[in-house]
Amino acid sequence: MPIRHPLLVDLPAVYAVEQAVFGSHVYPDFFFRQAFDLWRGLFLVADSGAGELDGYIVGAMSEEAGVLWIVSLAVRERCRGQGVGRALSIALIAAMRARGAEAVKLTVDPGNSGAVALYSRLGFEVVGEEAAYFGEGEARLVMRLALAGR
Ligand SMILES: CC(C)(COP(=O)(O)OP(=O)(O)OC[C@H]1O[C@@H](n2cnc3c(N)ncnc32)[C@H](O)[C@@H]1OP(=O)(O)O)[C@@H](O)C(=O)NCCC(=O)NCCS
């Protein structure tokens, strides 16, 4: 699975993945331009050369020393179950490790069993849960992967 950093010209294709995967509950298109400028080294796409991207992942720094975050991950439905999400996550975690990260955090909907399974298989552990993380009815688990010693 070819994983690479996006080019500026890829951003509409990244947004197309976002819309296909998340419907109306999406980051706006300009978020991806900001992510490109702010965190390009932590922004990866899965490009099988099929003319549209298979998926993307965005990471970011945080205020907590040594802790980086996975901000968003999406894989097109037709590409799921083939290791794309895992490959994107592993590549991003490797980039984070190369920057000296000691831990990676993310939030995930507790009802999103596929994503929770993916992160658990990668070694993430649940370290918290907020019932209204993104507002009423928007619970999120906080998951953390310790990198030190791995
Ligand atoms: C979650 C998501 C990124 C997984 O992508 P994917 O390419 O299908 O995942 P992979 O094929 O790489 O699977 C990786 C691991 O997770 C597990 N997994 C993935 N989806 C699963 C599901 N629906 N049910 C159970 N396990 C699942 C696989 O068994 C696999 O384990 P393995 O590596 O031990 O074989 C994808 O389903 C998606 O984009 N979902 C919608 C958006 C989303 O939920 N994003 C994450 C928000 S936090």
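As the structure is a prediction and not an experimental result, all values here were calculated from the model.

### Observations regarding the site of the ligand
Neighbouring the ligand are 21 residues, the closest being L73, G85, R86, N112 and R121. V75 places a main-chain nitrogen or oxygen 2.8 Å from an oxygen atom of the ligand. Contact distances for the ligand include 2.8 Å between an oxygen atom and a backbone N or O atom of G85. When isolated, the ligand has an accessible area of 920 Å², and the protein chains bury 70% of it. Of all the secondary-structure elements, those providing two or more residues to the shell around the ligand are α1 (11–22), β4 (67–75), α3 (84–98), β5 (103–108) and α4 (113–121). The element best represented in the shell around the ligand is α4, accounting for six residues. Here the shell around the ligand is composed, by residue class, of 11 nonpolar, seven polar and three charged.

### Some points on the UniProt feature "domain: N-acetyltransferase" (unreviewed entry) in the protein
Mapped onto the present numbering, the UniProt feature "domain: N-acetyltransferase" (unreviewed entry) falls on residues 1–148. From the first C-alpha to the last, residues 1–148 spans 27 Å; its make-up is 32% helix and 27% strand.

What counts and how
- Residues numbered from 1 in each chain as written.
- Predicted model: local features only at pLDDT ≥ 70, side-chain atom pairs only at ≥ 80, totals over all residues.
- Heavy atoms only, no water.
- Near = heavy atom within 4 Å.
- Polar contact = N/O pair within 3.5 Å; in protein donor to acceptor, adjacent residues only side chain to side chain.
- Areas by Shrake-Rupley, 256 points an atom, 1.4 Å probe, with all protein chains shown as cover.
- Helix = DSSP H or I, 4+ residues; strand = E, 2+ residues; numbered from the N terminus.
- Nonpolar A, V, L, I, M, F, W, Y, C, P; charged D, E, K, R; others polar.
- UniProt positions renumbered as here; feature names shortened; annotations may be inferred.

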